[in-house]
Amino acid sequence: MDADGIHGQLDTLILATLKRGEAHGYAIIAALRETSGEQLDLPSGTVYPALRRLERSGYVEGKWTQAGGRRRRVYAITAEGLIALAKGRADWLALREVMASVLGA
Amino acid sequence: MSDYVASVAAPLRGPRRLRADMVAELGDGFEEAVAEREAAGLGRDRALAEAAAEFGEPRLVAAEIQRELAAAQARRTAWTLLIALPALTIMWDLFGGDGEPALAVVLLARLTDLATASAFTVAALVVAGRLERRAAALCGAAGLVQITVALGCSAAISAIGASGPPGLDPASWWWLSAGSAVGAAWIAVSAVRALRVGRTAI
């Protein structure tokens, strides 16, 4: 799936990834690649501003850490983020149902 | 800093510390992508080129980062307005003379109040998260209009000479003048910054 097709869903995908545990930007990118079976063709650089947007909305919390000589900003999902994820998932399932009905008609 | 990260960073405008923080985070991620490829046996140049292709067009990434910088600048300027405007209004009220002011003075004072209320409303909406689209440009414009109207009206009131003798001792007058000047400069600088960041198109 290309970037245009996924753009609106990126926040939900990031939140779903962070629900499994806290992670830094590149680990999130790698997890998205892996869990999508390499089907997600996303400009990885856009994940970083998306994380800041989610942080501004209160859905994730980020903090700088130092591990193995490498500085990383690690993110964790918040309670508000879990609610937003549930809503994002419900919206997506509803859209999928509508698409399936219309395309299958 | 790699050429890729430098080309993302070049067009960015906004709060310096946040900008540096976001560029550093992107740079760390980019270096990790390069290191992953080098560990897989690629040469440095090839690893850099592949990582750049994975991260996407620098312009596209910069535009997304700029959106966050503009949001941060909008909130910063909005807080400046929320703090400075009431303080300035109180200080300017203390300057007022005793006695019944002329109609022209009342009208000029009301015009200043209107500009202040408008700027305060825009700032409150931004801080409350109710105004996001073009928030930085709006905050900047509202702040500049307010300070221009307020200073213009103050000058006009002084020129009319109708404000009457201020019931203030010289020390209080000096402190109020200095406080007003600092407040007005603070609003003007923050508003210009917000306008500049809000008008940055990538």
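Residues numbered from 1 in each chain as written. Chains lettered and ligands numbered in written order. Predicted model: local features only at pLDDT ≥ 70, side-chain atom pairs only at ≥ 80, totals over all residues. Heavy atoms only, no water.

### A word on the overall build of chain A
Then comes step 1: Helix and strand counts for chain A come out as five helices and three strands.
Then comes step 2: Scanning chain A from its N terminus toward the C terminus, one meets helices and strands in the order α-α-β-α-α-β-β-α.
Then comes step 3: Seen through its C-alpha atoms, chain A measures out along the principal axes to roughly 55 × 30 × 20 Å.
Then comes step 4: When each of the 105 residues of chain A is scored for burial, the buried share is 37%.
Then comes step 5: Expressed as a percentage of contacts within chain A between residues at least 6 apart in sequence, the contacts between residues at least 24 apart total 48%. (Helix = DSSP H or I, 4+ residues; strand = E, 2+ residues; numbered from the N terminus. Buried < 20%, exposed > 50% of the residue type's maximum accessible area, 1.4 Å probe, protein only. Contact = heavy atoms within 4.5 Å.)

### A few points about the interface of chain B and chain A
Then comes step 1: Between chain B and chain A, the residue contacts involve 24 residues of the former and 21 residues of the latter.
Then comes step 2: Across the chain B/chain A interface, buried area totals approximately 2,000 Å², and carbon plus sulfur atoms make up 50% of it.
Then comes step 3: Of all residues in chain B, Glu25(B), Glu32(B) and Glu68(B) give up the largest surface area on contact with chain A, accounting jointly for 32% of the area buried on that side.
Then comes step 4: Taken together, the links from chain B to chain A amount to nine salt bridges.
Then comes step 5: Note that Glu54(B) and Arg33(A) form a salt bridge whose closest N and O atoms lie 3.2 Å from each other. (Buried area = accessible area lost by both parts, 1.4 Å probe. Salt bridge = Lys/Arg side-chain N within 4 Å of Asp/Glu carboxyl O.)

### Some details on the pattern of salt bridges
Then comes step 1: For the coordinates displayed, the defined rule picks out 19 salt bridges over all chains.
Then comes step 2: Where Arg53(A) meets Glu64(B), a salt bridge forms, and the shortest distance between an N and an O atom there is 3.7 Å. Of this pair, Arg53(A) sits in helix H4 (residues 47–56) while Glu64(B) sits in helix H4 (residues 58–95), on two different chains. Grouping residues by exposure puts Arg53(A) and Glu64(B) together as buried.
Then comes step 3: Residues joined in a network through salt bridges with shared partners are Arg33(A), Glu36(B), Arg37(B), Arg46(B), Glu50(B) and Glu54(B).

### With respect to the domain arrangement of chain B
Where interface size is quoted, it is often the accessible area lost as the parts come together.
Then comes step 1: The assigned domain composition of chain B is domain 1 (3–56) and domain 2 (73–198).
Then comes step 2: Taking only C-alpha atoms into account, the centre of domain 1 of chain B sits 43 Å from that of domain 2 of chain B. (Domains from an automatic or database assignment.)

### So, the packing of aromatic side chains
Then comes step 1: One pass over the structure, following the stated rule, counts six aromatic pairs over all chains.
Then comes step 2: Here the aromatic rings of Trp174(B) and Trp175(B) are separated by 5.1 Å at their centres, their planes lie at 90 degrees, and the arrangement is edge-to-face. Side by side, Trp174(B) and Trp175(B) carry an identical accessibility label, which is exposed.
Then comes step 3: Three or more aromatic residues joined by ring pairs make a cluster, and in this case those are Tyr26(A), Tyr48(A), Tyr4(B), Phe30(B) and Phe55(B). (Phe/Tyr/Trp six-rings, centres within 6.5 Å; stacked < 30°, edge-to-face > 60°.)

### Quick notes on the pairing of strand E2 (residues 60–67) of chain A
Residue and element names in this part refer to chain A.
Then comes step 1: Pairing analysis gives eight bridges linking E2 to strand E3 (residues 70–77), with the strands arranged antiparallel. By the bridge assignment, Thr65 is partnered in E3 with Arg72.
Then comes step 2: Hairpin connection of E2 to E3: two residues between the antiparallel strands, including Gly68 at a positive phi of 60 degrees. (Pairing = 2+ DSSP bridges.)

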